[in-house]
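Survey of secondary and tertiary structure
So you can see what is in the structure, the chains are spelled out below.
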Amino acid sequence: MGLFTEADTQLALLRGLLGDALEPADLVSAMDRLDDDHCVRAITAADALARFSERLRAVGAGTLAARSPRDAGHGGLAQSRGHRNAIALVQDLTGSSQAEAARQVRGGEALREIAQADAVRLGADETGRGTDPGGAAVGDAAVGGRGADGRGAEEGASVCAGAPPGRGMPWHAALGLAVLSGAITTAQHDAIRRGLGEPPAPRAAPGGAPADARGGPVDVGRGEDAADVGRGEGAGDDAACQAWATAAEQLIAAAGHDSPEQLAGAARAIRDILDPEGAEARFLARYERRALRTWTDQDGARRASISFDDEGGAFFDAIVAAAMRPRRGGPRFVDPEEKAAAAELTADPRRNDQLVYDLFLDLVRAGVLAEAKAVLGTRQPGLRLVQTVDVDGAAGAVVMTEDGLTAPPSGVAERRRCEAGSVAVTVDSCGNPLDVGRESRLFTSRQRIGLAIRDGGCRWSGCDTPASYCEAHHIDEWHRDLGNTDVDRGILLCRFHHMNLHHGRWRITRNGKQEFVLHRRDGEQIPLPQRPALRYLFRGIDPPPQRFRRVA
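Residues numbered from 1 in each chain as written. Predicted model: local features only at pLDDT ≥ 70, side-chain atom pairs only at ≥ 80, totals over all residues. Heavy atoms only, no water.

Notes on the packing of helix H8 (residues 173-181) against helix H9 (residues 186-196)
- Remark: H8 packs on H9, axes separated minimally by 9 Å, with the N-to-C direction vectors making an angle of 170°. Compared by their axis directions, H8 and H9 come out roughly antiparallel. Residues Leu 175, Gly 176 and Val 179 of H8 touch H9, and the partners they reach there are Thr 186, His 189, Ile 192 and Arg 193.
- In the contact of H8 with H9, the residues fall into three nonpolar, three polar and one charged. (Axes fitted to C-alpha atoms, helices over the stretch in contact; angles between N-to-C directions. Helix = DSSP H or I, 4+ residues; strand = E, 2+ residues; numbered from the N terminus. Parallel < 35°, antiparallel > 145°, perpendicular 65-115°, else oblique. Contact = heavy atoms within 4.5 Å. Nonpolar A, V, L, I, M, F, W, Y, C, P; charged D, E, K, R; others polar.)

The following block contains the structure:
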């Protein structure tokens, strides 16, 4: 189907639903007259049109950026129209925020990079250079040109190193094609692209010579991560590029049910799993940026700003979650004492942000002399980490927080293990717990650990509720199906979706240890896949990306 044919189809659908002679002032009343199914169809068609225009805008923004390089001076397109750069021009043309305009330009430049690489691949002459659709030499545009931010393509190139001249494609080509086909939005593209970053390059030996882990010479790639001291800038080697490309394709598949925020978090976690050395460098860089600043504003109010390191932020989130869980939709199946405390907190007239502030001051006042239960109730906060250990006892290079699925380096897990101990849970290559057991009508705390490790939070499509807020649902009902309280037959759902499942008379099934499937009343079946970051944590990739290639 042609690009404009697709748009015409959606416009015809909207005309049929809302009327061909619809006036702008009548849009609200026309939409109100639609029944539920037709209202959903109208929104779906409108979204398809929005994606259509979004693609055109992104490609156009990339073209504006290509015609507004910094080295063109006042002769560039944006500059000739009174704007400092392409981002400012896009912002003026579209009325969008600076952040949104920058995202459109980034997406457009990525799409141009893919198109130019493909043009070189298909039409390279004997000199190894081709031309883009505008007639410019691709070799000049891709190597010597300047982007919207003034940085040369050679400073951020992501064509896989080691590919034959004129044959390399960017590792993120699938993302661009997904945008052009409408499979993902530009916001999802930007979230995945920025979350994955660039494939790592071999680090340099002392004195600047390329070296592998043993100090031997290696083929030099290029990477792009300021936190990776001693690492190159630009594209990684072929193995790393292939790993990043595979990750991008899997995240594209998840984009059908995950928000840009969820995709960004999953992409960052997957990047850290694939690149543990870079993950530790980023972890340490964020640790160095930790800060707490207080000041008095012009009205005399004391204010504060906190920049957390990864571990400190996760621990603070765990404290707030333990205290605020009843107000934020925590599990209902609790003991009577906790239920009474939850009811009291739910009825508290203070806003959530006020409660968090008072909690913070309570902790500061109490300090080491406080009984934690007096401040936090029966559910004590704690930072729970998940680390894979193979059959030979070798621990994974990165770990995953149970809530939030961030990926600190393994050194954090080693220190936390010394402080608080650990619980061993045997899982298969999909993260399914094997020896947690089944004991009673309700899932035990040990079984909930297994469910949290496997599910990482609510499994409902598009929900990002963390595991500590979830309830364990028996997919085989205890009374009706004589179901067992077995982790293989349980699934984590947030309180809202758990109630929605039962009240909507939907059901969840699972064939053995395959993916869970949600069955709607109308017969539609919706897969509930495991979070992408957890798939990588337990399965890895086979074979793993080679970080170095010896050349001598």
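Description of the packing of H9 against helix H11 (residues 260-274)
- Between H9 and H11, the least distance of the axes is 7 Å, while the angle of their chain directions is 20°. As summarised for this structure, H9 and H11 are arranged roughly parallel, according to the angle between their axes. Note on packing geometry: the crossing formed by H9 with H11 is right-handed. Counted together, Ala 187, Gln 188, Ala 191, Ile 192, Gly 195 and Leu 196 of H9 and Pro 260, Leu 263, Ala 264, Ala 267, Arg 268, Ile 270 and Arg 271 of H11 form the full contact between these two elements.
- When the residues that make up the contact of H9 with H11 are grouped by side-chain class, the tally is nine nonpolar, two polar and two charged. (Left-handed = near helix turned anticlockwise from the far one by under 90°.)

Details of the environment of Leu 196
- On the secondary structure map, Leu 196 appears in helix H9.
- For Leu 196, a relative accessible area of 0% corresponds to the buried category.
- Along the chain, Leu 196 and Leu 263 lie 67 residues apart, while their C-alpha atoms are 9.9 Å from each other.
- Setting aside residues up to four positions removed in sequence, Leu 196 forms contacts with Trp 171, Trp 244, Ala 247, Ala 248, Leu 251, Ala 267, Ile 270 and Arg 271. (Buried < 20%, exposed > 50% of the residue type's maximum accessible area, 1.4 Å probe, protein only.)

Section: the environment of His 474
- Looking at where His 474 falls in the secondary structure, it is placed in strand E5 (residues 470-474).
- Judged by its relative accessible area of 8%, His 474 is buried.
- For the pair His 474 and Thr 509, spaced 35 residues apart in the sequence, the C-alpha separation amounts to 9.9 Å.

Quick notes on the sheet that holds strand E7 (residues 507-510)
- Strand order across the open sheet formed by three strands is E7-E8-E9, with antiparallel pairing between neighbours. Lying at the two open borders of the sheet, with one neighbouring strand each, are E7 and strand E9 (525-528). Direction aside, neighbouring strands of the sheet carry axes that sit 30° apart on average.
- Of the pairings in the sheet, the one linking strand E8 (residues 516-519) to E9 comprises four bridges and is antiparallel in character. Considered in E9, the bridge of Val 517 is made with Pro 527. (Pairing = 2+ DSSP bridges.)

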